[in-house]
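An overview of the molecular structure
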Amino acid sequence: MDFLNFLEFKITDIIDIVLVAALLYYIYKLVKGTVAINIFIGIVIVWALWKLTELLQMKMISSMVGGFMNIGLIALIIVFQQEIRKFLLMIGSTNFASKRNFIRHFKFLKQEAMPTDTNVDAVIGACEKMGSTKTGAIIVIERTNSLDFVRSSGDTMNIEITQPILESIFYKNSPLHDGAAIIQDNFITATRVILPVSNDRDIPLRYGLRHRAAVGITEKTDSICLVVSEETGLISYIKNGEFVPYKGLEELTDLIKKDLE
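Criteria and thresholds
Here the residue numbers are simple positions, counted from 1 along each chain's written sequence. Two thresholds apply to this predicted model, a pLDDT of at least 70 for residue-level local features and 80 or more for giving and counting side-chain atom pairs, whereas whole-chain, interface and lining totals are computed over all residues. Side-chain numbers come from the whole structure's heavy atoms, not from hydrogens or water. In summary, the pairing rule links any two rings of Phe, Tyr or Trp, Trp by its six-membered ring, whose centres are within 6.5 Å, and it sorts them by plane angle into stacked for under 30 degrees, edge-to-face for over 60 and tilted for everything else. Here a strand is any run of E in DSSP of at least two residues, a helix any run of H or I of at least four, and the numbering for each starts at the N terminus. Think of it in three bands: with a 1.4 Å probe and only protein chains considered, a residue is buried below 20% of the maximum accessible area for its type, exposed above 50%, and partly exposed in between. What makes two strands pair is DSSP finding at least two bridges between them. N or O atoms closer than or at 3.5 Å make up a polar contact, with two conditions inside protein: a donor-capable atom paired with an acceptor-capable one, and, for residues adjacent in sequence, both atoms drawn from side chains. What makes a nonpolar core is a set of buried Ala, Val, Leu, Ile, Met, Phe, Trp, Tyr and Cys residues whose side-chain atoms join them at distances within 4.5 Å. We call two residues in contact whenever any of their non-hydrogen atoms come within 4.5 Å of each other. One number per residue, pLDDT, summarises how confident the predictor is, and it ranges from 0 to 100. Under this rule, positive means Lys or Arg and negative means Asp or Glu; His and the chain ends count for nothing. A side-chain nitrogen of Lys or Arg and a carboxyl oxygen of Asp or Glu constitute a salt bridge if their distance falls within 4 Å.

The full count for this structure, using the stated rule, is 1 aromatic pair. When the ring of Y207 is compared with that of F243, the centres are 4.5 Å apart and the planes differ by 15°; the resulting orientation is stacked. Of this pair, Y207 sits in the loop between β4 (187–193) and α9 (209–220) while F243 sits in strand β7 (residues 242–243), placing them 36 residues apart in sequence.

In structure tokens:
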């Protein structure tokens, strides 16, 4: 039967499936944890329905669903503009020269091959101490996307993470306290970094430039941010351009470790 011809696999079919699976994985990774995930799942279901109706030669419903997919493309670009920008930035800014970063893209094939090395406990400990003294701080932890495009705006460092080092960087009389610190793996790679500030009007007015900068960098990359408020001493966790709620420092530590896996 003609409609069973798709069962005759060739090597190019296998490559095609692998590439589509990788693309869907990266798209899912970008929208995971955001409201866009429901839209993404809906698109996958509609697309699968479209292909199924084509396979079964149900011409009327196939043409209707196909028309919806074609017309809806412009709307999808508008809805997913932030995710599309992040996806393109991920492709263009990732440092493929680094073997470690290159392997990280394929960690979903072998999860245990890329354990997180970041000393999250030291980072949280420093934030807790700075919060108690109302010392403002913004810490950006790099994940898959390279942060070289903002790292160059600050002072290059290569210091292993410890709680006293982080506290000394953001000490009010320190020459390094103004701006963000960037962490890659278990090293502070830059300080006094200037971050892009988000123009999102939904950010509450009680948040200042540090929080807007944290939202801005997490909108443009898949990095995660910790911000210590100079006014209240509260610690904010920001990912995908959104504030992530947590109940205590232990839960915050677990969230960060999970996001760095």
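Continuing now.
A word on the pairing of strand β5 (residues 224–228). Across the 5 residues that make up β5, a large majority, 5, are buried. Here β5 shows no split at all, with I224, L226 and V228 on one side and C225 and V227 on the other all buried. Here 5 bridges tie strand β1 (residues 137–141) to β5, and the two strands are oriented antiparallel to one another. Opposite V140, over in β5, you have C225 as the bridge partner. In terms of strand pairing, β5 meets strand β6 (residues 235–239) through 5 bridges, oriented antiparallel. Each bridged residue has a counterpart across the sheet, and for V227 the counterpart in β6 is S236.

Positionally, E142 belongs in the loop between β1 and α7 (148–151). For the pair E142 and I183, spaced 41 residues apart in sequence, the C-alpha separation works out to 6.0 Å. Side chain to side chain, E142 and R151 meet in a polar contact 2.8 Å long.

Next up on the list: the nonpolar core. V123, C127, I139, L226 and I256 are the most contacted members of the largest nonpolar core, which totals 25 residues. At the level of secondary structure, the elements contributing two or more residues to this core comprise α6 (120–132), β1, α8 (163–169), β3 (180–184), β5, β6 and α10 (249–259). Residue contributions to this core peak at 7 residues, all from α6. When near neighbours in sequence (up to four residues on either side) are disregarded, I256 contacts V120, I124, I141, I224, L226 and Y237. Counting residues in hydrophobic clusters, the runner-up holds 17 residues, among them A190, L195, C225 and V227.

To continue, consider the confidence of the model for the protein chain. On average, the protein chain scores 79 in pLDDT, and the residues at 70 or more come to 74%. When the elements of the protein chain are averaged for pLDDT, helix α5 (residues 99–104) gives the smallest value, 47, and β5 the largest, 95. Here residues 94–103 scores under 50 on pLDDT; set against residues more than four positions off or in separate chains, the count is 17 contacts. Contacts from residues 105–116, a stretch scored under 50 in pLDDT, to residues over four places away or in other chains number 15 contacts.

Considering the arrangement of structural elements, one finds R143 in the loop between β1 and α7. No salt bridge is formed by the buried R143. Its closest oppositely charged neighbour is D222, at 4.5 Å.

With that settled, consider the pairing of β1. In terms of burial, β1 is largely enclosed, as 5 of its 5 residues are buried. Residues A137, I139 and I141 line one face of β1 and the alternating positions I138 and V140 line the opposite face, and both faces are buried. As judged from the 3 bridges shared by β1 and β3, these two strands associate in the parallel manner. From the neighbouring strand, V140 faces β3, where its bridge partner is I182.

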